[in-house]
Amino acid sequence: PHAPAGMGAVPELSPQAPLAVLSKVELRVSCKHLLDRDTLNKSDPCVLLLMQSQGQWMEVDRSEVIKSNLNPVFAKIFTVDYYFEEVQKLRFEVYDSHGHTGVGTHDDDFLGGMECTVGQVSLGVTPLRGPPPWCPLPNPGFLQIVAQKRVTKPLFLKYGKFAGKSTITIISEEISGNNGYVELAFRAKKLDDKDLFSKSDPFLEIYRIDDDRSEQLVYRTEVVKNNLSPVWEPFKVSLNSLCSCEEKRKLRGVVWDYDSRGKHDFIGEFFTTFEEMQKAMGENKVQWDCMNPKYKIKKRNYKNSGVVVLLDLKIHRVYSFLDYIMGGCQIHFTVAIDFTASNGDPRNSCSLHYINPYQPNEYLKALVAVGEICQDYDSDKKFSALGFGARIPPKYEVSHDFAINFNPDNDECEGKSSSSGVWSMARMSLLTPHTPSGIQGVVESYQSCLPKIQLYGPTNVAPIITKVARVAADEERTKEASQYFILLILTDGVVTDMADTREAIVRASYLPMSIIIVGVGNADFTDMQILDGDDGVLRSPKGEPVLRDIVQFVPFREFKNASPTALAKCVLAEVPKQVVEYYSYKAFPPRCPRPPTPDPSLGSPQ
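In short, a report on the structure. (Residues numbered from 1 in each chain as written. Predicted model: local features only at pLDDT ≥ 70, side-chain atom pairs only at ≥ 80, totals over all residues. Heavy atoms only, no water.)

### Details of the overall build of the protein chain
Piece 1. The helix and strand tally for the protein chain stands at 11 helices and 26 strands.
Piece 2. Expressed as a percentage of its 606 residues, the buried residues of the protein chain come to 53%.
Piece 3. By sequence separation, contacts in the protein chain at least 24 residues apart represent 73% of the contacts at least 6 residues apart. (Helix = DSSP H or I, 4+ residues; strand = E, 2+ residues; numbered from the N terminus. Buried < 20%, exposed > 50% of the residue type's maximum accessible area, 1.4 Å probe, protein only. Contact = heavy atoms within 4.5 Å.)

Right under this line is the structure:
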């Protein structure tokens, strides 16, 4: 009914390494005995899920609105990441919706709320105390969520007042590591007519029957008005939700005649399994008699109350980052270095480009920290290195995409043995015997490049994004998951060509490419946050949104006193997800798929 404010909690930016996702958890919500806020009809409830981030409650998703129902079972399934090391606070708020005016936030619309944690299963829940923000929960400790956990708690109004006898039930289920999804298309024929002056308004519900014989709502279709042979819109559900990834698990389908007052009329039901459903793949169709048990007993010649037909079934395998890497996908790493005059004269010790014999500068620290992670996924260990914002030989014209090794035909850098003077001392404090030759080559090319160029400006990064995107576009044409590109941009200030940069990023979001921007120095990088899609969708100047969020921006000063690996883990944490998102969008499987195994690596590269 209304678009959610966001699909995930805003991550905290911290010099600490991001936590690895232990698992994903699906949450199903139902309520009983809700307060009736409407005069003529019953309340139209909707539940909002909020998560706490940096001390603030953020709405991450919301359910559908169920009309005129004080005991709703919501079809919406909330999916959250579960981190064992972190207390993840959740808040469920139930509101009475008012049609076109949406879900209100006034006290009169509030039906109750409950706080808990992802890891909390059986500990007490603190009532909401207001006005918001309500008091935090006491430290609940950790109870690892396992499949099929159920929590029923009372709903509270503000100031700790019970919302009558209202309760909320949260059923949590851990999603298995290698989980796919299935796309289903149903229709029905010759359903019973339950309406006096018109035809039935049917909708279909699919339930999974669990081992304890309880039923979990998997999906609820839309209502097709005034039609005894409805064709419902195709829908997608995860295999975990549908059948717990067990083909023989029993499923129940129920067809109802919709009633605006919430008193839906039962038309009939059928039972099946996912194993049986799979017969509908290709040109085949599967159908079931829609049976009303009462009619079957009472009516001697009763055959059915209609027929439900599965028109099509498509299974989509969801691959992991590790599947693509093990299938031979290479990560190609390119670094782009800011050589604008705002960095200061490299000969001056105050310059961000100053080569200190005993302390590497921020450019070098960021380069080595990120490069050492990326090199594990690149077979030739050679990194491309570009510069921007400098006057370069021989004509000393400003360039925004030059190779720092001054080889326009091959911008990949290879390490060479060096033991001379200042540079060997600087290198000793930064590089180790295990540092790959590609990183050594970039570092050496950077050092030798500085005396040959004149730092100038402006800070234009769109040309470099476009240059790498052209190479990525050539790779895309192979229609294989063979190479993915990471562009690391190191800059000391806000980009000058913001409009062109936004346009270039939108174009790049359709390619096998991710962009990491690290701000060095003490400049005000507030305007750079617009490039990171965490707080909203990045759009081109013409309003076109990015296909995928591919940009991660962090100021280096946040990691100045952290370990060298902290920066790399933070900026690379989203790359596995971005790789999977791209190849899933293109429907490219791994070139050599691995046998199905649990995937522990989706959180961040190790």
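Back to the write-up after that little detour.
### Re the nonpolar core
Piece 1. Judged by nonpolar contacts, the single largest core of 59 residues is most densely connected at Phe339 and Leu572.
Piece 2. Sorting elements by how many residues they give to this core places helix α5 (residues 362–374) first, with nine residues.
Piece 3. Counting 33 residues, the second-largest nonpolar core is a separate cluster that includes Trp57, Phe92, Met114 and Cys116. (Core = buried A, V, L, I, M, F, W, Y, C linked by side-chain atoms within 4.5 Å.)

### Examining the environment of Val231
Piece 1. Checked against the element boundaries, Val231 lands in the loop between β11 (215–220) and β12 (235–238).
Piece 2. On the basis of relative accessibility, which here comes to 47%, the residue Val231 falls in the partly exposed class.
Piece 3. The sequence separation of Val231 and Val309 amounts to 78 residues, and the corresponding C-alpha distance is 9.4 Å.
Piece 4. Those residues within four positions of Val231 in sequence are excluded, and the remaining contacts are Phe186, Arg187, Glu222, Val224 and Leu311.

### Points about the packing of aromatic side chains
Piece 1. Summed over all chains, the structure comprises 21 aromatic pairs.
Piece 2. Where Tyr95 meets Phe110, the ring centres are 5.4 Å apart and the plane angle is 50°; that geometry is what we call tilted. Of the two residues, Tyr95 is situated in strand β5 (residues 89–96) and Phe110 in strand β6 (residues 110–117); the sequence distance between them amounts to 15 residues. Pair check on accessibility: Tyr95 and Phe110 agree, each one buried.
Piece 3. Among the aromatic side chains, those forming a connected cluster through ring pairs are Tyr319, Tyr324, Tyr484, Tyr582, Tyr583 and Phe588. (Phe/Tyr/Trp six-rings, centres within 6.5 Å; stacked < 30°, edge-to-face > 60°.)

### Some details on the side chain of Gln216
Piece 1. Within the secondary structure, Gln216 sits in strand β11.
Piece 2. Taking relative accessible area as the criterion, Gln216 reaches 4% and is therefore assigned buried.
Piece 3. In contact with Gln216, other than residues within four places in its own chain, are Arg28, Arg150, Ile171, Ile206, Tyr207, Arg208 and Asp210.

### Overview of the sheet that holds strand β14 (residues 265–273)
Piece 1. Here four strands make up an open sheet; going across it, the order is β11-β10-β13-β14 and the pairing antiparallel. Every interior strand has two partners, whereas the edge strands, β11 and β14, have only one. Each neighbouring strand pair of the sheet contributes to a mean axis angle of 25°, computed without reference to strand direction.
Piece 2. Direction of pairing for strand β10 (residues 202–209) relative to strand β13 (residues 250–257): antiparallel, over a ladder of seven bridges. The residue of β13 that forms the bridge with Tyr207 is Arg252. (Pairing = 2+ DSSP bridges. Axes fitted to C-alpha atoms, helices over the stretch in contact; angles between N-to-C directions.)

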